[in-house]
Amino acid sequence: MRAATLKRHIDLHAWVGILAGLALFVAFFAGALNMFHHELHHWQEPAHEAGAPDANMQALLDTVLANHPEAGNWMFLIPGDDPSAIWQEQVDGKPVWHTEHAADFNDAGENVAVAGSGLSEFVNELHYELALPKVGIHLMGIVSVLYGAALIGGLVIHWSRLRKEFFALKHQGNLRRYWKNLHNLVGVLSYPFHVIFAWTGAAMCCLALLTLVMSGLVFGPQFQSAFTDATEAWPAPQASGNAVAMAGVDRYLARAEQTLPELEVGWIELQQYGDENAVVDVGGSVHGNVGHYAHVVMRGDDAALLTTTGPGNRTLNDAFLTPVYSLHFGDYGGLLVRVLYFVLALLGCLLFFSGNILWCERRTDRQGPSRAAALMLRLTLGVTFGVVAGLAMSFLVSKPMLHSPWSAWTAPAEKIAFLITLLIALAAAFRAPPLATARLWPTLCAVLYMAAPLVQGAWEGFATWRETDILLVNGSLWAVAAGLLLVERLRVRRQRRAAPHPLWTGTVRSAAPAPAGADPDPA
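Residues numbered from 1 in each chain as written. Predicted model: local features only at pLDDT ≥ 70, side-chain atom pairs only at ≥ 80, totals over all residues. Heavy atoms only, no water.

(A) Region of the structure containing the pattern of salt bridges. As enumerated under the stated definition, the model contains six salt bridges in all. Its salt-bridge partner being Glu 125, residue Lys 415 comes within 3.8 Å of it at the nearest N-O pair. On the criterion of sequence distance, the pair formed by Lys 415 in helix H15 (residues 410–431) and Glu 125 in helix H4 (residues 119–129) is long-range, its members being 290 residues apart. By relative accessible area, which is 39% here, Lys 415 ends up partly exposed. In this structure, Glu 460 engages Lys 399 in a salt bridge whose closest nitrogen and oxygen atoms are separated by 2.9 Å. Taken together, the residues span a long stretch of sequence, with Glu 460 in helix H16 (residues 434–460) and Lys 399 in helix H14 (residues 371–402) at a distance of 61 residues. With relative accessibility at 14%, the residue Glu 460 sits in the buried group. With relative accessibility at 0%, the residue Lys 399 sits in the buried group. Ionic contacts of the salt-bridge type, sharing partners, join the residues Arg 299, Asp 301 and Asp 302 into one network. (Salt bridge = Lys/Arg side-chain N within 4 Å of Asp/Glu carboxyl O. Helix = DSSP H or I, 4+ residues; strand = E, 2+ residues; numbered from the N terminus. Buried < 20%, exposed > 50% of the residue type's maximum accessible area, 1.4 Å probe, protein only.)

(B) Layout of the environment of Ser 285. Relative to the helices and strands, Ser 285 resides in strand S5 (residues 279–285). For the pair Ser 285 and Tyr 332, spaced 47 residues apart in the sequence, the C-alpha separation amounts to 8.9 Å. Apart from the residues lying within four places of it in its own chain, the contact partners of Ser 285 are Glu 262, Leu 263, Glu 264, His 292 and Tyr 293. A distance of 2.9 Å separates the side chain of Ser 285 from the side chain of His 292, its partner in a polar contact. (Contact = heavy atoms within 4.5 Å. Polar contact = N/O pair within 3.5 Å; in protein donor to acceptor, adjacent residues only side chain to side chain.)

(C) Broad picture of empty space enclosed by the protein. Inspection of every chain in the model, using the stated rule, returns two cavities of 30 Å³ or more. By volume, the largest cavity amounts to about 50 Å³. Lining the largest cavity are Ala 27, Phe 28, Gly 31, Ala 32, Met 35, His 127, Phe 193, Phe 197, Tyr 341 and Ala 345. At the level of elements, helix H1 (3–34), helix H8 (191–205) and helix H13 (334–367) are the ones that each hand at least two residues to the lining of the largest cavity. Take the lining of the largest cavity: its biggest share by element is four residues, from H1. The class makeup of the residues in the lining of the largest cavity is eight nonpolar, two polar and no charged. Approximately 30 Å³ is the volume attributed to the second largest cavity. Along the walls of the second largest cavity sit Leu 33, Phe 36, Leu 40, Phe 395, Val 473, Ser 476 and Leu 477, which together make up its complete lining. No other element matches helix H17 (residues 468–497), which puts three residues into the lining of the second largest cavity. (1 Å grid on protein atoms, 1.4 Å probe; cavity = no way out; pocket = protein on both sides within 12 Å on 5 of 7 lines; lining within 4 Å. Points joined across faces, edges and corners; volume = space filled by probe spheres on them. Nonpolar A, V, L, I, M, F, W, Y, C, P; charged D, E, K, R; others polar.)

(D) Spatial organisation of a nonpolar patch on the surface. Taken together, Leu 335, Val 339, Val 343 and Leu 347 make up a surface patch of nonpolar side chains, about 280 Å² in accessible area. Position of Leu 347 among the secondary structure elements: in helix H13. The exposure class of Leu 347 is partly exposed, given its relative accessible area of 32%. (Patch = residues over 30% accessible without salt bridge, like charges linked within 9 Å, V, L, I, M, F, W, Y side chains within 5 Å. Areas by Shrake-Rupley, 256 points an atom, 1.4 Å probe, with all protein chains shown as cover.)

Written out as structure tokens, the structure reads:
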């Protein structure tokens, strides 16, 4: 490859990485914890609360409709020990979603629930939209595209040296050389995983933007409705205004089992429930397939089958989109695959963190003292440790607030704790020397993550650790703590063998830039 071509790919990899790195760090770290989203839902609830023994989805459906008749226009029923109903309401022309559980209602059908923890929802929001409503998901779509460009550049850079660099984690040389080799090693080992996430992330987050552009510039306004019809299990029905009796949840489940016996039901979608045009979609998973989502669609009044979508019986659109969701969420291979995704996501965080640091040091070495490099280094440290410590603080305040007289403020307190911690970390990163920040925060974050399960056990009893969901969440928190301690150990060991880069100590002096050909590889 020509030197000029290689240099262009190096610049592409470096600049795209620096632009998208911090957003990707937040998404990957929150995504690692979000691999146990279902378990976190259980972890965040008070330990003494359990679903009513006689709770069932039909009773929940009837109760929700009695309190909110408009909920039948579009509702999802989620089975479980404490079934939930998620339904949409139009407020000033804008859709607003509500979630209610069977345990939220007393025997008289009155909603007696008190607002509780929103930790799992907050972690999910951080992952897919950086907790930025409306614009966040589109921003992450753009970031995913940049992420894919950085991956292409990285592959071109390292392809000719792949075998040589596969085990290139050398202990010789300066500190930057070690972190550079570590960055390359992590990138090579997890490259297929990152390709999957760049592709699926862009596909999911950019889908709305793509349809908007296609309808506005190419196909016209009819494209949006045609696209929706082509990608949904069944077109959304229009209410006729004629009320009829519905078949009921039990008949819907029986029809689904009869049609697709291997289906594990994950939800029931109801549209225009109570109307003669009502449509019910019993959806879930057919295990043993990457694209495992399946749908059994039927009429709402008599449960007559309308269509079935599943492995081996899909349209071209569905065959393309279903693996996108499965590959992104990692829910196609059971617990082992989710644990693997968890570990790879944490390694991805290390990849983005080290990539930003290498860019800052390399820029300083090549161009001399740079305010941009110094600011980016401090911003990287502040955002990285602020997000990691902030989520730990959200976990730590969750249980004390949930069991206090102010339990209704638990969800806001979790977000406030995160935001305050993030701001403190940013302020500290810009005030203290970078080396002091790197010495303090990894250990502090590790202590916070080790403490979170202890706080949960202290408030709800350590016997709850025997529950699988609680154990998985606590185990993931301890795994994060172990990873932070490992990174800190590596930093200390390398610092004993080599002096830190002057950028870390604030001792960079004006000097002639390094020769243009020196160290051409930023990755």
